[in-house]
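# Coordinates in review
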Amino acid sequence: PLGVVAGICPFNVPAMMPLWMLPVALVTGNTIMLKPSERDPGAAMILAQLCADVGVPRGVVNVVHGANETVDFLTSDPRVKAVSFVGGNAAGKHVYGRATQHGKRCQANLGAKNHAVILPDANREHTLNAISGAAFGAAGQRCMALSVAVFVGKAGEWIPDLVERARGLRVDGGMEPGADLGPMISPRALHRAEELIQSAVDAGASLLLDGRGVRVAKYPKGNFLGPTVLANVTTDMQCYQEEVFGPVLSCVHVATLDEALALVNGNRYGNGASVFTQSGPCARRFQSEVNAGQVGVNVPIPVPLPMFSFTGNKDSFLGDTNFYGRSGVNFYTQLKTITSLWRKEDAEVDGQSAVHMPTLH
């Protein structure tokens, strides 16, 4: 075990992110300090209470609250040996730089721009339902949300059907029965997403479905943004280059799988990418040649199961050891190599010292 480790968590999945860190840190013999997002710290408190209820000793699981000062403490205090972070680019680069500067291990999951490549032979109903759910569920506020749909060839004819599916999703309070997507986390996040939508329109994109201005009677001050679909998006547009982190889907049309792969691989982020097809050779080629950490075949959000590791790459990850799975065990432990030699002759004292390297004969 390393000793004391720290986990710095984002707002968007306030229970799942601590559970990427907490179980692996504990089973490898460490104690942990969790810093939840100051926007929704309750889930981390519930997890800590559950740990106490099942007998985890006092002081093994700790929750610390705060913002910048707390982060700076966790990344600089010499008693903290490793830091795990999930969140945005600016904060992640700060955490990684500060933690490594102070000699700590650090793993940091940052932003994403996840692509779905749709081939014309894909199962139409499954594909459109999958993309709609993955793009707009959780109001697009998850690091594995699909934010770019790449339609290959005649698959581009499906875009109107995708728009209709998105139009049918219900925007409401997140805890309301029948809600398909809830609000954005803050007025600031809502304003940023709306600005990115407008920037796309100004740059020549087609706004097929505009989710701005959605009002929910029960929550008149809610930060609501409805499903939004942009078409004719190009890679130089701000809405394509940046992570929107909202229910906004950019649609791109290409002629071939070659073009689709080049587009995905040319993006600076590398969290996840999916292909929708009924062709085994196309799927095999995609999973072999695409440069993304999580790859889905007819799966819209290919988050690995816990026995594997979350393997984001490129600008989506800083560090050299990924989250959970075998990588997580390696991150929270220090390797120790022991070289020993036991021989019968060692029981006899001959009075001579050996100065050569230990070898076996």
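What comes next is a walk through the structure. (Residues numbered from 1 in each chain as written. Predicted model: local features only at pLDDT ≥ 70, side-chain atom pairs only at ≥ 80, totals over all residues. Heavy atoms only, no water.)

Among the five residues of strand β2 (residues 31–35), four are classified as buried, and the element is accordingly described as predominantly covered. Examined bridge by bridge, strand β1 (residues 4–8) and β2 share five bridges and lie parallel to one another. When the sheet's bridge partners are listed, V5 is paired in β2 with I32. In this fold, β1 hands off to helix α1 (residues 16–27), which returns the chain to β2; that crossover is right-handed. Here β2 runs beside strand β3 (residues 61–63); their pairing, made up of three bridges, is parallel. Of the residues in β3, the one forming a bridge with M33 is N62. For the crossover from β2 across helix α2 (residues 42–53) to β3, the handedness is right-handed. (Buried < 20%, exposed > 50% of the residue type's maximum accessible area, 1.4 Å probe, protein only. Helix = DSSP H or I, 4+ residues; strand = E, 2+ residues; numbered from the N terminus. Pairing = 2+ DSSP bridges. Right-handed = clockwise from strand over helix to strand, strands pointing away.)

Looking now at the pattern of salt bridges. Per the counting criterion, the structure on display carries 13 salt bridges. Here R79 makes a salt bridge to D77, at a shortest N to O gap of 2.9 Å. Salt bridges sharing partners connect three or more residues here, namely D258, R285 and E289. (Salt bridge = Lys/Arg side-chain N within 4 Å of Asp/Glu carboxyl O.)

Below, the discussion takes up the sheet that holds strand β12 (residues 272–276). Pairing is mixed in the open sheet, where seven strands are placed in the order β8-β9-β10-β7-β6-β12-β13. A single partner strand is all that each edge strand has here, and the edge strands are β8 (206–209) and β13 (294–297). This sheet shows a mean twist of 20° between the axes of neighbouring strands, independent of strand direction. Sheet analysis places strand β6 (residues 114–118) next to β12, joined by four bridges and oriented parallel. Opposite V117, over in β12, you have V275 as the bridge partner. (Axes fitted to C-alpha atoms, helices over the stretch in contact; angles between N-to-C directions.)

Moving on, we get to the packing of aromatic side chains. In the structure shown here, the tally under the stated rule is six aromatic pairs. Plain terms: the ring middles of Y219 and F224 are 6.5 Å apart, the flat faces sit at 55° to each other, and that makes the pair tilted. We classify F224 as buried; its relative accessible area is 4%. Residues F331 and Y332 carry aromatic rings whose centres are separated by 5.1 Å and whose planes lie at 80° to one another, so their mutual orientation is edge-to-face. Given the relative accessible area of 3%, F331 is considered buried. (Phe/Tyr/Trp six-rings, centres within 6.5 Å; stacked < 30°, edge-to-face > 60°.)

If you trace the six strands from one edge of the open sheet to the other, you get β3-β2-β1-β4-β5-β15, paired in mixed fashion. Lying at the two open borders of the sheet, with one neighbouring strand each, are β3 and β15 (317–318). Inspection of the sheet shows strand β5 (residues 105–109) paired to β15 by two bridges, in the antiparallel sense. Counted as the bridge partner of N109 is F317 from β15.

Before going further, it helps to examine the nonpolar core. Ranked by internal contacts, the top residues of the largest apolar core, which has 32 residues, are V117, V233 and F286. Among the elements of the structure, β7 (146–152), α7 (187–202), α8 (238–241), β10 (248–254), α9 (257–266) and β12 are those that each provide at least two residues to this core. Apart from residues lying up to four places away in sequence, V233 is in contact with A205, C239, Y240, S250, C251 and V252. (Core = buried A, V, L, I, M, F, W, Y, C linked by side-chain atoms within 4.5 Å. Contact = heavy atoms within 4.5 Å.)

A cluster of nonpolar residues, L305, M307 and F308, forms a patch on the protein surface that exposes about 350 Å² of accessible area. Positionally, L305 belongs in the loop between β13 and β14 (313–314). Judged by relative accessible area, which is 52%, L305 ranks as exposed. (Patch = residues over 30% accessible without salt bridge, like charges linked within 9 Å, V, L, I, M, F, W, Y side chains within 5 Å. Areas by Shrake-Rupley, 256 points an atom, 1.4 Å probe, with all protein chains shown as cover.)

As a further point, take the environment of E345. Tracing the backbone shows E345 in the segment after α11 (325–331). For the pair E345 and V254, spaced 91 residues apart in sequence, the C-alpha to C-alpha distance is 74 Å.

Tracing the backbone shows N271 in the loop between β11 (269–270) and β12. Within polar-contact distance, the side chain of N271 engages the backbone oxygen of C143 at 3.4 Å. With near-sequence residues (within four places) excluded, N271 lies in contact with A112, N114, C143, M144, A292, G293, Q294, F310, G312, N313 and S316. (Polar contact = N/O pair within 3.5 Å; in protein donor to acceptor, adjacent residues only side chain to side chain.)

This part takes up helix α5 (residues 124–136). Compared with the 18 Å implied by 1.5 Å per residue over 13 residues, the 18 Å span of α5 between its first and last C-alpha is a close match. Listed in full, the buried residues belonging to α5 are T127, L128, A130, I131, S132, A134, A135 and F136. In this structure, the buried side of α5 is in contact with β6, β7, α6 (159–167), β9 (228–231), β10 and β12. By the N-cap criterion, in which a side-chain oxygen at the helix start approaches the backbone nitrogen of a residue two or three places on, α5 is capped by N123, the distance to E125 being 3.3 Å. Residue A138 follows α5 closely and has a positive phi angle near 55°. (Expected span 1.5 Å × (residues − 1).)

Quick look at the environment of L162 now. As for its position among the elements, L162 is in helix α6. The buried category is assigned to L162, whose relative accessible area is 0%. Taking the C-alpha atoms as reference, L162 lies 5.8 Å from L128; in sequence the two are 34 residues apart. Not counting the four nearest positions on each side in its chain, L162 is found in contact with L128, I131, S132, F151, L249 and C251.

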